[in-house]
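Topology and contacts: notes
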Amino acid sequence: GRKVNDGTLAHENSIQLQTRARQRVPGGVHSNVRLSGPQPYVERGKGAWLYDVDGRNYVDYLLGQGPNFLGHAPDAVLDVVSAADRRGLVYGGQHALEIEAAEAVCAALEWPDMVRFGVTGTEIVQAALRLARAVTGREKVIRFEGHYHGWLDNVLVAEHDGAWGVASEGQLPHHLDDFVVLPWNDAEALAEALRRHGPEIAAVIMEPVMINAGVIQPLDGYLERVRELCTAHGAMLIFDEVISGFRIGLQGAVGRYGVVPDLATYGKALGAGGTVAALVGRRDVMELFGHGMVNHSGTFNGAVPAMAAVTASLAVLREDPPYPGVERHGTALMAGIRRLAAAHRIPLRVEGLPAAFHVSFGDVEVTDYRSLQLLDLDRYARFSEVLVRHGIWVAPRGIWYVSACHGDDELDAALARFSKALVAWSG
Ligand code: PLP
C-alpha cells in the first residue's frame, strides 16, 4: 500500500543505494545536474507518479527534466518501441521507421522540410551551429544570458561579476571566443550587436521562451524583431526548442508565438522519454548534410528505439492532443499554489506557461536573466527539498513540468501535499 509522505526522512533503502552508488559513480550521479536534484532512489514511474525504493510515492513535476510529457511508461509508446526493438536495436543501415519518424516530425511542425535525428539536445545544437557556419561562411554566434544549450565547451557559460566565461574546470575558455553573449528580450541590444558584428555573425541562437532560467516569455514583438534583424544581417536564426518543443504546443514556440526560425532543435518531449533529438530546417540548408559538405554523424542516430518512440509519441500528440488537459492542470496548479502561498503569507512567485512554470521566492517582474537574479533562488532550492519530502518530485531550480497524465487526482494530491509542506516550512 501507499505510505503517507509525512515529511520525515526515513529513506533507508535510498540511503543504502546512494552509499553504494558513490563507490562506483562520482557523486552517485551520471549527470551533474542531478547532484542537487531529488535524492530518493526511484523504483518505478507510471503516469504522473514516481515510486521510490522505500515505498513512498511522488506526484512528479520534474518528469525526467522534461521528456516524460506523456507521463512515465506510456503504454502507447512502449508497445510500439518494444515491438520494434524485437527486430534489432541499431543497424548501421537505413530502415523505414527513420522515414516515418522524419515525416511525422515535418507533418507535426509544418514549417520545416527536412530532419536530422541525433541522440541528445547537446549534440543536436552542435549540428545546428556547424550547419549555420557552413551556410553563411561566418564564425561568430550570438547567444543570450541564462540560456542553456548543452554542456560542451563552446556553449556552457557562467557569469563572473557581470561577465560571461567558463562554467567548469577543464573547459577551454577560447572555445567561447566566437560567441557574443547578450541580454535576452532586448531587441535594441541585438540590433546594436548586429550593427557592430553583423558581417561576422553566422547565427543567433536562443530559447524562444526562456525556460532554463525561470520560465520567461518573449515580450510582445520581440521574436518578430529578432527575425527581421537576422534576415537583414544574413544570420541564421536558430530556435533551441529542446524544452519547449512538443510541450508548449504541438509546434512548440514557433506555433505559440508565430515566428519561424531558419533552424530549430528538439529533444526531450519529442520521444516521450526515448533518447532522441532532432534538427529541422529548410531543404536548401539541410541538404548540406546530404551532400556530405557538412559532417553530422553518430552511431546511434536513427536507432530503432528512438525512431519508434518518435513515431508513437507524435501519433499520440496528433491524434489525441494532450495540450488542453495540460493547460487545464497547469493553470489550476499555478492558481492553487498562489492561493496556498497567500493563505500561509509566504511570498511565492508562480509564473510561466501552464506546461512549464517557475516557482520562486520574491516579488519582481522578471523579463531576463538579470531580473531573475533578484529572486531568492537559494531559498526556493531549500524549499524544494521540503516538497520532495512531502511527496512532490521537483528540482531545486524551481521549474515545474506538467504531463498529459496530470489530472484531477494529481491536482488534489499535489495541493494537499504542498499545503503540508508550507506548514512544515513556515513552522
Ligand atoms: N538546449 C536546451 C534548451 C535544453 O534545455 C537542454 C537540456 O536541458 C539542452 C539543449 C541539452 O539537451 P541534453 O540534456 O539532451 O543534452
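See above for the structure.
Residues numbered from 1 in each chain as written. Predicted model: local features only at pLDDT ≥ 70, side-chain atom pairs only at ≥ 80, totals over all residues.

1. Some details on the sheet that holds strand β3 (residues 57-60)
Applicable threshold: Paired strands, as defined in this entry, are two strands with at least two bridges between them according to DSSP. Runs of E in the DSSP output that reach at least two residues are strands. Runs of H or I that reach at least four are helices, and both are numbered from the N terminus. Note that contacts rest on C-beta atoms placed from the backbone: two residues are in contact if these are within 7 Å. Here an axis means a line fitted to C-alpha atoms, over the contact stretch when the element is a helix, while the angle between two N-to-C directions is reported on a 0 to 180 degree scale.
Spatial ordering of the open sheet is given by β1-β2-β3-β15, a layout of 4 strands whose pairing is mixed. Because the sheet does not close on itself, it has two edges, and the strands there are β1 (42-46) and β15 (392-393). With 3 bridges connecting them, strand β2 (residues 49-52) and β3 associate as antiparallel partners. In the sheet register, L50 faces β3, and the bridge partner there is Y58. Lying on the sheet, helix α13 (residues 408-426) is in contact with β3 and β15; it crosses β3 at an angle near 110 degrees.

2. Quick word on helix α10 (residues 323-343)
The cut-off we apply is this: Expected span, for any helix, means 1.5 Å times one less than how many residues it has. Burial is judged by counting other C-beta atoms within 10 Å of a residue's own C-beta: 20 or more means buried, 12 or fewer means exposed, and anything between counts as partly exposed, with every C-beta placed from the backbone. Read the arc as the range of directions from the helix axis to the C-beta atoms.
Taking 1.5 Å per residue, 21 residues should reach 30 Å; α10 reaches 30 Å between its end C-alpha atoms and fits that length. Those residues of α10 not exposed but buried are V326, H329, G330, L333, M334 and I337. Projection of α10 onto a plane perpendicular to its axis shows the buried side chains occupying an angular sector of 130 degrees, all on one side. More than 90 degrees from the buried face of α10, the exposed residues found are P324, A342 and A343. At its buried positions, α10 is contacted by β13 (348-353), β14 (356-361) and α13.

3. Re helix α9 (residues 304-319)
A rise of 1.5 Å per residue sets the reference length of α9, with its 16 residues, at 22 Å; its end C-alpha atoms lie 22 Å apart and thus fit the reference within 8%. Most of α9 is tucked away: 12 of the 16 residues are buried. Along α9, the residues classified as buried are V304, P305, A306, M307, A308, A309, V310, T311, A312, S313, L314 and L317. In this structure, the buried residues of α9 make contact with α2 (75-85), α3 (96-109) and β4 (114-118).

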